[in-house]
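Observations on chain architecture
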Amino acid sequence: MAKITFITTDNESVTLEADSGSVMELAVQNNIKGIDGDCGGVCSCATCHVHVAPEHVEKAGEASEIEKDMLELDDNADEFSRLCCQLDVTDQLDGIILRVAV
Amino acid sequence: MKKSELSDPFEQARLEKGYGEMNDQDDPVTILLRHKDVRKCAHNWKTFQSGAVPGRIVVPSEVNIRETRQIPFEVDPPMHGGYRAIVEPWFKRPLQPEYQAKLTAQIQDLVDEVADWDSVEVVSDFALRLQSRALTLLLNIPYEEAQTWIEWGTHVFRSEDDALDGSKAAILYDYIDAQIDKAIAQPGEDLYSVLLDSELDGKKLTREEVKGVMILTFAGGRDTVINAVTNSIAYFAEHPESLTRLRNEPEITGRAIEELIRYFAPLTHMGRVVTEDTQVCEHAAKADTRVSLCWASANRDAAVFEKPNEVVLDRKLNPHVSFGFSHHNCLGATHARQIMNILVKTLADKVQSIDILASQENIEELGEFNRKVGFDSIKVKFNAR
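Residues numbered from 1 in each chain as written. Chains lettered and ligands numbered in written order. Predicted model: local features only at pLDDT ≥ 70, side-chain atom pairs only at ≥ 80, totals over all residues. Heavy atoms only, no water.

**Some details on the overall build of chain A**
How we decide: Put simply, DSSP H or I for four residues or longer makes a helix, DSSP E for two residues or longer makes a strand, and each gets a number counted from the N terminus. Put simply, the radius of gyration uses C-alpha atoms, and a globule should come to 2.2 Å times the residue count raised to 0.38. Here the term buried applies to any residue with accessible area under 20% of the maximum for its type, exposed to any over 50%, and partly exposed to those in between, with areas from a 1.4 Å probe on protein chains only. Two residues qualify as a contact provided that any one of their heavy atoms is within 4.5 Å of a heavy atom in the partner residue. For every accessible area listed, the method is Shrake-Rupley and the probe measures 1.4 Å; residues are considered covered only by the protein chains on display. For the purpose of counting charges, residues Lys and Arg are taken to be positive, whereas Asp and Glu are taken to be negative. His and the chain ends are not included. A charge is said to be at NZ when it belongs to Lys, at CZ for Arg, at CG for Asp and at CD for Glu.
Across its full length, chain A holds three helices and five strands. Beginning at the N terminus, the succession of helices and strands in chain A can be written as β-β-α-β-α-α-β-β. The C-alpha radius of gyration of chain A comes to 12 Å, within 12% of the 13 Å expected for a compact globule of 102 residues. Taking all 102 residues of chain A together, the buried fraction comes to 51%. Put simply, 63% of the contacts in chain A that link residues at least 6 apart link residues at least 24 apart. For chain A, the exposed surface amounts to about 5000 Å²; the carbon and sulfur share of it is 43%. Within chain A, the 21 negative side-chain charges are centred at a point lying 6 Å from the centre of the 6 positive side-chain charges.

Here it is as structure tokens:
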């Protein structure tokens, strides 16, 4: 079981628990504002963009080339950006804080 | 070759030089073929503009048959963002359960109706009717209105002999004018009325702006949806094992939809006008010339996709560009995805197999390339479960 905290663009903080699926699915199921997941999680739409809290970057691990290429063309992306459809919920993510991108 | 197969005519040019060329009404187009270039140029709206003369970014150009600017499609940032913010919530309505329930009922009824016919011409008997009926939901208007659009035929601009038929375009424009008049006289809860009541920077949208959004809504989602639906039927006819798999593993439906949409690329490409002298894959692109972003080619780029010419139903990483990319990504994508999702689930549920009886391919001519985008007609027999 992993605890995952989302901070939305209006600074609302929501902590959810899960043990499977992707972080995007968890966010969409719980109506986290700003996470749409239009493509269902195949890394084609970039509507699940989050910034990982700098101290939690290791928990999230490194993005694949395909994800990096996608983020490279997102004006709001920075070194902490991830597409959360590419983050599988595992114990490794426990405690992670994700700020929903604009 | 299987009838449902869509080959990739761009491969050699994509690998060797990265672009192709076509003439179009003396306003030539450099067709960009590589995934990376296509996405980069789609993102760079300053150099590769959508807000040119209305109709010019469309290939074939509609400059001679249209004056109304399609909105937000032919507007660039920052104005684009304002328009997009107005229309976006409306075009996300397909995510609502009640919308999905109505769409499901429409598609189930249609499949039930044709299931015992001896022969179904998929384009006109199935896809056109499905698309037209579903559009009544997107516009939030009475179901009966679909009959008018069905009678228009498969493409609001295209007739049998002429890719750009001005008289056919006039039918759509006159119709939309009349519908706007109706909504002004008697506002309701339909898209026309909602747009007429919307404001941008404190000012109500003008009639011309409302018309621009409506033309886009009608034109953008017509032959694209028809191609996606028709090609899906052809695919499942020749891949009954995929239908069985979707029945047994419904959890892969979302991935399957994205993969079919990648493979079909219902819109082959879309143009941009170059605003300053620049270079794309070492090819000079001069100011005031046109390039096009070839979604169909980018979707088969082996630098990005493994087995690009195969339908891999549960493809996990699928950064396809069938809905475009960046600011101008498809406004109707949510609606289109719901149509595909419900169609696939309904077929898996109700249909055992599909036999193709006869077919006529729809081939687009793009200069040096000929691309099959779907079918002019395809007769099938559905075998119910």
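**Re the interface of chain A and chain B**
Cut-off, in case you're wondering: Note on definitions: buried area is the accessible-area loss of two parts on being combined, 1.4 Å probe, summed for both. A side-chain nitrogen of Lys or Arg and a carboxyl oxygen of Asp or Glu constitute a salt bridge if their distance falls within 4 Å. Between N or O atoms, a polar contact is any pair within 3.5 Å; within protein, one atom must be a potential hydrogen donor and the other a potential acceptor, and residues adjacent in sequence are included only when both atoms are from side chains. Ten residue types, Ala, Val, Leu, Ile, Met, Phe, Trp, Tyr, Cys and Pro, are classed as nonpolar, four, Asp, Glu, Lys and Arg, as charged, and the remainder, Gly among them, as polar.
Taken together, the contacts link 15 residues of chain A with 16 residues of chain B. Area buried by chain A at its contact with chain B is led by Val42(A), Ile66(A) and Leu73(A), which between them contribute 43% of it. Run the count over chain A and chain B and you get two salt bridges. Taken together, chain A and chain B are joined by five residue pairs in polar contact (both at pLDDT 80 or more). In terms of residue class, the side of chain A that touches chain B is built from six nonpolar, four polar and five charged.

**Examining the sheet that holds strand β3 (residues 48-49) of chain B**
Residue and element names in this part refer to chain B. How we decide: By the convention used here, strands pair only if DSSP detects at least 2 bridges between them.
Taken together, the five strands give an open sheet; going across it, the order is β1-β2-β10-β7-β3, and neighbouring strands pair in mixed fashion. At either margin of the open sheet sits one strand with a lone partner, and together these are β1 (19-22) and β3. In this structure, β1 lies alongside strand β2 (residues 29-32), joined through four bridges in antiparallel fashion. Within the sheet, the bridge partner assigned to Met22 lies in β2 and is Val29.

**Details of the pairing of strand β5 (residues 96-100) of chain A**
Residues and elements named next belong to chain A. Burial along β5 is one-sided: the face carrying Ile96, Leu98 and Val100 is buried and the face carrying Ile97 and Arg99 is not. Strand direction decides the pairing type here: strand β1 (residues 2-7) and β5, joined by four bridges, are parallel. Looking at the pairing, Phe6 lines up with Leu98 of β5. Here strand β3 (residues 49-52) pairs with β5 via three bridges, running antiparallel. Directly across from His51, in β5, lies its bridge partner Arg99.

**Section: the sheet that holds β1(A)**
Residues and elements named next belong to chain A. Rules: Every axis in this analysis is a line fitted to C-alpha atoms, fitted for helices over the stretch in contact. Angles between the N-to-C directions lie between 0 and 180 degrees.
One open sheet holds the five strands; their spatial order is β2-β1-β5-β3-β4, and the pairing between them is mixed. Each having just a single partner strand, β2 (13-18) and β4 (81-83) make up the two edges of the open sheet. Ignoring strand direction, the axes of neighbouring strands in this sheet form an average angle of 35°. The strands touched by helix α3 (residues 65-72) are β3 and β4; relative to β4, the strand with the most contacts, the crossing angle is about 115°.

**What to know about a negative patch on the surface**
All names here are of chain A. Under the convention used in this document: Patches in this entry comprise residues that are over 30% relatively accessible and not in a salt bridge; like charges within 9 Å are linked, as are nonpolar side chains (Val, Leu, Ile, Met, Phe, Trp, Tyr) within 5 Å.
A grouping of Glu17, Asp19, Asp91 and Asp94 is seen on the molecular surface, where their side chains present a negatively charged patch. With respect to the element layout, Asp19 can be found in the loop between β2 and α1 (23-29). Judged by its relative accessible area of 53%, Asp19 falls in the exposed class.

**Regarding the pattern of salt bridges**
Between side chains of opposite charge, a pair can form when the charged atoms approach closely. Summed over all chains, the structure comprises 26 salt bridges over all chains. Taking the shortest distance from any N to any O, the salt bridge between Lys33(A) and Asp10(A) comes out at 3.1 Å. Pair noted here: Lys33(A) is in the loop between α1 and β3 and Asp10(A) is in the loop between β1 and β2, with a separation of 23 residues, a long-range link. Lys33(A) gets classed as exposed once you look at its relative accessible area, which sits at 51%. The shortest N-O distance in the salt bridge between Asp27(B) and Arg56(B) comes to 2.8 Å. Placement of the pair is Asp27(B) in the loop between β1 and β2 and Arg56(B) in the loop between β3 and α3 (79-91), with a sequence separation of 29 residues. Taking relative accessible area as the criterion, Asp27(B) reaches 17% and is therefore assigned buried.

**Focus on helix α14 (residues 333-350) of chain B**
Because an α-helix completes one turn every 3.6 residues, residues spaced three or four positions apart along the sequence face the same direction. Operational definition: Here, expected helix span is obtained from the residue count minus one, scaled by 1.5 Å.
The terminal C-alpha atoms of α14(B), which comprises 18 residues, lie 25 Å apart, in line with the 26 Å expected from a rise of 1.5 Å per residue. Of all 18 residues in α14(B), 15 are buried, a share of seventy percent or more.

**A short note on the packing of helix α4 (residues 97-114) of chain B against helix α5 (residues 122-139) of chain B**
All names here are of chain B. Spelled out, the test is: Angle categories: roughly parallel below 35 degrees, roughly antiparallel above 145, roughly perpendicular from 65 to 115, and oblique for all the rest. Left-handed describes a crossing whose near helix is turned anticlockwise from the far helix through less than a right angle; right-handed describes the clockwise counterpart.
Packing of α4 against α5 brings their axes to within 10 Å, and their N-to-C directions diverge by 160°. Relative to α5, the element α4 is oriented roughly antiparallel. Between α4 and α5 lies a crossing whose hand is right-handed. For the pair α4 and α5, the contacting residues are Tyr99, Lys102, Leu103, Gln106, Ile107, Leu110, Val111, Glu113 and Val114 in the first and Asp125, Phe126, Arg129, Leu130, Arg133, Ala134, Thr136, Leu137 and Leu138 in the second.

**So, unusual backbone geometry**
Residue and element names in this part refer to chain B. Between Ile71 and the following residue, Pro72, the backbone shows a cis peptide bond with an omega angle of 0°. Mapped onto the elements of the fold, Pro72 is located in the loop between β3 and α3. In the segment running from Pro77 into Pro78, the intervening peptide bond is cis, with an omega of 0°. Assignment of secondary structure puts Pro78 in the loop between β3 and α3. One non-glycine residue, Glu282, lies in the positive phi region at around 60°. Structurally, Glu282 is set in the loop between β8 (278-280) and β9 (283-285). If you check the backbone angles, Ser326 has positive phi at about 65° while not being a glycine. With respect to the helices and strands, Ser326 occurs in the loop between α13 (295-298) and α14.

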